[in-house]
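# Results of the structural survey
Here is how the chains run, residue by residue.
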Amino acid sequence: MSTIRFQALREASNRKAVHFEETNRKSSIFGTNVFNEKAMKQYLTSDAFKAVQGAIEHGTKIDRKLADYIAMGMKEWALSKGVTHYTHWFQPLTGTTAEKHDAFFETSYDGGDPVEKFGGAQLVQQEPDASSFPNGGIRNTFEARGYTAWDPTSPAFIYGTTLCIPTVFISYTGEALDNKIPLLRALAVMDEAATEVCRYFDKNVKKVTATLGWEQEYFLVDKALAHSRPDLMMTGRTLLGHTSAKGQQLDDHYFGSIPTRALTYMRDLEQECMLLGIPVKTRHNEVAPNQFELAPIFEETNLAVDHNCLLMDIMQKVAERHDFKVLLHEKPFKGVNGSGKHNNWSLATDTGVNLLSPSKTPMSNLQFLTFFINTIKAVNDYEELLRASIATASNDHRLGANEAPPAIISVFIGEQLTKVLAELESVTTGKLSPEEKTDLKLNVVGKIPEVILDNTDRNRTSPFAFTGNKFEFRAVGSSANCSNAMTTLNTIVAKQLRDFKVEVDALIDSKAMKKDDAIFNVLREYIKVSKDILFEGDGYSDAWEKEAKKRGLSNYKTTPEALKARASKRALDLFSELGIMNHVEVEARYEIELEEYTKKIQIESRVLGDISKNHVIPTAIRYQNTLIENVKGLKDIFGNEFESIAKEQIGLIKEISTHIEGINAKVEEMRNERKNANALNNAQKTAEAYCNKVKPYFEIIRNHCDKLELLVDNELWTLTKYRELLFTK
Ligand code: ADP
Ligand code: MG
């Protein structure tokens, strides 16, 4: 009778890969739907083009007249590609992207003069109704309205028949209501701070860009099967389901041959990415069954973040054509790996140097070590803030739940660089002798390139690892907007670089030290004070938890705990000192994140209550009735003897009753805990109550349900099973 499940299984097993025409020469279609330099040159006057370039490179303001010309060119370009509408495309604090389409089409008030219009005013600013986006109290205390404003550093693009203009979202009083504004501010501060430090080594450096290359992990589930699971549809993850006999234990999926339907989907998705200028490069199977990964070539961070947001959106859209549902949740299935989004991060100069890449000469290697050690110190000093930047209800299933990576932030640098740091730690205090300097340059600083080539040790359990020419922040969640993590990382490193510059300059000025002596001296002290954050061992081991505790590192396993650091005085001071976010903005975000956590757990709790009572229990009773009929029949035939003959069935009947009773009781208790939590009128306390009082029921209720799944006749079970979700290709 479980018709939905069996219908879905039939549908899924009859599916064929969808036919799709691929352009093989990707370079010929790359960025065709982007208003990039090439399109701008073709459609803009030279003044308008220069204005946009100036805004991109130096942040110069574009005046209204030129904005009109730019809008006109953009409109002509869009119309030539069959576009009918435009939208400001932005990233409110909901975690997804937002858009509201307006037609280019306009008429005069009496319906005459139909025409396609788009002026500078529409390009530069729009007023979406801000009242339904999260604002963490900003709007209540200040102004009700918000507006979106064009971000020329991320190019406009066409999706479908709509021209999308990347924008920031801001309240009328100037507070950021989105993810992009703090990121742009952090990147600007990073540019300034890193450029200053670079100039110790190369006076030609005028700009430093933070780069980001994300690796997106995801699951693909057949659409019909996904629709048969209310938990997947409502929460993005399965709240119950007995583990499949076969999971990932054979390691037969990782890097295996990609199933045909999935591969066709990926090719289609990649083609869409190419048109939108997202430089996708790598695709492969991940560890868990039906889990995959996609990674692009790295880009400037703001653009990379936009591209990742856009990607997450089009992944779902393309999946519809292929009858898949994409699961971006960090832990869709219990018992197999969850998904993350490694954020590969580095710094590049406008002279073409990757500042985290060791090179051939001692001087440029001192530059490398400067940025390398400053990054380590920043992470050491602000590990709690970094942890807070990736805290969400869904990411809690990975961090601290014995899955890559642990909730303790630490930095892995590999054996060779550990040795280099040890040698630098022993340089003389004060002025270095010429011999010592020569020795350092020849034998320590000068040796790094070879060293790195040897560094094959890749610690997969580290949340923040140096991987040869970049740091890899691995604790970011698969469904996250990367900007939170990137804003925090760039802010703390920028702050560190500023402090470094001040310290080095002070030694040069007051102690009359030579520049490299001063740099060696400051770096030596940094190495000494940053040791606690360095860890090369197994991040999953209990020993590390104990050791980390001794070192004073934080180990926040849940979001409400981890988020506290976000609103600490240190965090407020840091963000306001650097002009990234004022106190109101930081506190608003803290509140929004707590609320989001609460809502997520609340929804999961309700859905679990619903499924267990309205799907699982009725199914269990139906099966129990069959057993009761059977026992009655046996009694009719065998009389008194029936008890021994029907022993197993009677046992099953009792066992089923126990689980039904368990579910009913626990769902009721959980509901009461929700009520109690809702009555607390403090966002932190409510989130904590959801975390510590409501959430613990999930496992207990799930266990009863999963036991019933094992007992009940497979033909009757209504919920699509793990083996079917994970192994239908
Ligand atoms: P993996 O970590 O899976 O072995 P790779 O080392 O090939 O993979 O790189 C992973 C990601 O790192 C890619 O998305 C790539 O674009 C990115 N990456 C490489 N160099 C940099 C850099 N300098 N800055 C930022 N990201 C980078
Ligand atoms: Mg990877």
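All values derive from a computational prediction rather than experimental measurement.

## Overview of the overall build of the chain
Scanning the chain from terminus to terminus reveals 27 helices and 17 strands. For 729 residues, the compact-globule formula gives about 27 Å, and the C-alpha radius of gyration of the chain, at 29 Å, lands near that figure. Its C-alpha atoms give the chain principal-axis dimensions of about 105 × 80 × 55 Å. In the chain, which comprises 729 residues, the proportion classed as buried is 47%. Taking as baseline every contact in the chain between residues at least 6 positions apart, the subset at least 24 positions apart corresponds to 76%.

## Focus on the pairing of strand S11 (residues 291-296)
With five of its six residues buried, S11 lies for the most part within the structure. Relative to S11, strand S9 (residues 208-222) is paired through four bridges, and the arrangement is antiparallel. Bridged to Glu217 within S11 is Glu293. Of the pairings in the sheet, the one linking strand S10 (residues 280-285) to S11 comprises five bridges and is antiparallel in character. Across the sheet, Val280 pairs through a bridge with Pro296, a residue of S11. Between S10 and the antiparallel strand that follows it, S11, lie five residues; Asn290 among them carries a positive phi value of about 60 degrees.

## Comments concerning the UniProt feature "coiled-coil region" (unreviewed entry) in the chain
In the numbering used here, UniProt assigns the feature "coiled-coil region" (unreviewed entry) to residues 653-687. Taken as a whole, residues 653-687 contains 91% helix and 0% strand, while its terminal C-alpha atoms sit 39 Å from one another.

## Structural notes on the domain arrangement of the chain
Along its sequence, the chain is organised into domain 1 (31-178), domain 2 (188-581) and domain 3 (596-727). The distance between the C-alpha centroids of domain 1 and domain 3 comes to 51 Å.

## Focus on the site of ligand 1
Taken together, 16 residues lie around ligand 1, and Thr211, Gly213, Phe298, Asn344 and Ser346 are the ones closest in. Secondary structure elements with two or more residues in the shell around ligand 1: S9, S11 and strand S14 (341-349). Take the shell around ligand 1: its biggest share by element is four residues, from S9. Taken together, the residues of the shell around ligand 1 break down into six nonpolar, seven polar and three charged.

## Section: the nonpolar core
Counting 198 residues, the largest nonpolar core has Ile70, Leu123, Leu163, Met190 and Val379 as the members making the most contacts within it. In terms of residues, this core owes the most to one element, helix H22 (residues 583-638), which gives 14 residues.

## Some words on the environment of Ala67
Inspection of the secondary structure assignment puts Ala67 in helix H4 (residues 64-79). Under the C-beta neighbour-count criterion, Ala67 is labelled buried, with 23 such atoms within 10 Å. As for Ala67 and Gln122, which are separated by 55 residues in sequence, their C-alpha atoms are 9.4 Å apart. Not counting residues within four places of it along the chain, the set of residues in contact with Ala67 comprises Ile62, Gly120, Leu123 and Val124.

## Overview of helix H17 (residues 483-510)
Relative to the 40 Å expected for 28 residues at 1.5 Å per residue, H17 spans 40 Å between its end C-alpha atoms, a close match to the ideal helical length. Downstream of H17 by a residue or two, Ala512 has a phi angle that is positive, lying close to 50 degrees.

## Section: unusual backbone geometry
If you check the backbone angles, Asp113 has positive phi at about 50 degrees while not being a glycine. Within the secondary structure, Asp113 is located in the loop between strand S3 (105-106) and strand S4 (115-116). Positive phi is not limited to glycine here, since Asn290 has a value of about 60 degrees. Considering the arrangement of structural elements, one finds Asn290 in the loop between S10 and S11. Residue Asn290 is classed as buried on the basis of its C-beta count, with 24 C-beta atoms lying within 10 Å.

## Considerations on the pairing of strand S13 (residues 324-327)
Burial of S13 is two-sided: the residues Phe324 and Val326 facing one way and the residues Lys325 and Leu327 facing the other way are all buried. Pairing of S9 with S13 involves four bridges; the strand directions are antiparallel. Considered in S13, the bridge of Phe219 is made with Leu327.

## A word on helix H18 (residues 515-529)
Residues spaced three or four apart along an α-helix point in a common direction, a consequence of the helix completing one turn every 3.6 residues. When the terminal C-alpha atoms of H18 are compared, their 22 Å separation across 15 residues agrees well with the 21 Å that a helix rising 1.5 Å per residue should span. Of all the positions in H18, only Asp517, Ala518, Ile519, Phe520, Asn521, Val522, Leu523, Tyr526 and Ile527 are classed as buried. Structurally, H18 contributes buried residues whose contacts are with helix H12 (362-381), helix H14 (415-425) and H17.

## Here we look at the confidence of the model for the chain
Overall, the predicted model of the chain reaches an average pLDDT of 92, with 97% of residues at or above 70. Of the two predicted TM-score estimates for the complex, the pTM is 0.95 and the ipTM is 0.94.

## Focus on the environment of Ala391
Within the secondary structure, Ala391 sits in the loop between helix H13 (383-388) and strand S15 (411-412). The class for Ala391 is buried, based on 27 C-beta atoms found within 10 Å. As a C-alpha pair, Ala391 and Tyr597 span 206 residues in sequence and 9.2 Å in three-dimensional space. Setting aside residues no more than four positions away along its own chain, Ala391 makes contact with Thr559, Ala562 and Leu563.

## Focus on the packing of H14 against H18
Interaxial distance between H14 and H18 falls to 8 Å at its minimum, and their mutual angle equals 120 degrees. One way to sum up the angle between H14 and H18 is to call them oblique. Both H14 and H18 take part in a crossing whose hand is left-handed. Residues Leu421, Leu424 and Glu425 of H14 form the contact with H18, whose own contacting residues are Leu523, Arg524, Ile527 and Lys528. Counted by class, the contact of H14 with H18 contains four nonpolar, no polar and three charged residues.

## Some words on the environment of Met363
Tracing the chain through its elements places Met363 in helix H12. A count of 15 C-beta atoms within 10 Å places Met363 in the partly exposed class. Each C-alpha atom, one on Met363 and one on Lys26, is 40 Å from the other, the two residues being 337 residues apart in sequence.

Rules of the game
Counting of residues starts from 1 at the beginning of each chain's written sequence and follows it residue by residue. Chains and ligands are labelled by the order in which they are written, letters from A for the one and numbers from 1 for the other. Owing to the predicted nature of the model, reporting of local features is limited to residues with pLDDT of at least 70; listing and counting of side-chain atom pairs is limited to 80 or more, with chain, interface and lining totals taken over all residues. We count a stretch as a helix when DSSP gives it H or I for four or more residues in a row; a strand needs E for two or more, and each element gets its number in order from the N terminus. Radius of gyration here uses only the C-alpha atoms, and the compact-globule reference equals 2.2 Å multiplied by the residue count raised to the power 0.38. For the exposure call, what matters is how many other C-beta atoms sit within 10 Å of a residue's own: 20 or more marks it buried, 12 or fewer exposed, and in between partly exposed, using C-beta atoms placed from the backbone. Any pair of residues counts as being in contact when their C-beta atoms, constructed from backbone geometry, are within 7 Å of one another. A pair of strands counts as paired when DSSP detects no fewer than two bridges linking them. UniProt positions are given in the numbering used here, feature names are shortened, and annotations may be inferred rather than shown by experiment. These domain limits were set by an automatic method or by a database of domain assignments. Near residues are defined by distance alone, with the backbone-placed C-beta atom required to lie within 6 Å of the molecule or strand. Under this grouping Gly is polar, as are all residues other than the nonpolar Ala, Val, Leu, Ile, Met, Phe, Trp, Tyr, Cys and Pro and the charged Asp, Glu, Lys and Arg. Working definition: the nonpolar core is a set of buried Ala, Val, Leu, Ile, Met, Phe, Trp, Tyr and Cys residues, joined through C-beta atoms within 7 Å. A helix is expected to span 1.5 Å for every residue after the first. Along the chain, pLDDT gives the predictor's confidence residue by residue, from 0 to 100. In this description, a line fitted to the C-alpha atoms serves as the axis of each element, helices being fitted only across the stretch in contact, and the angle between N-to-C directions of two axes falls anywhere from 0 to 180 degrees. By definition in this entry, angles of less than 35 degrees are roughly parallel, angles greater than 145 are roughly antiparallel, angles of 65 to 115 are roughly perpendicular, and the rest are oblique. Two helices that cross are described as forming a left-handed crossing if the nearer one is turned anticlockwise from the farther one by less than a right angle, and a right-handed crossing if clockwise.

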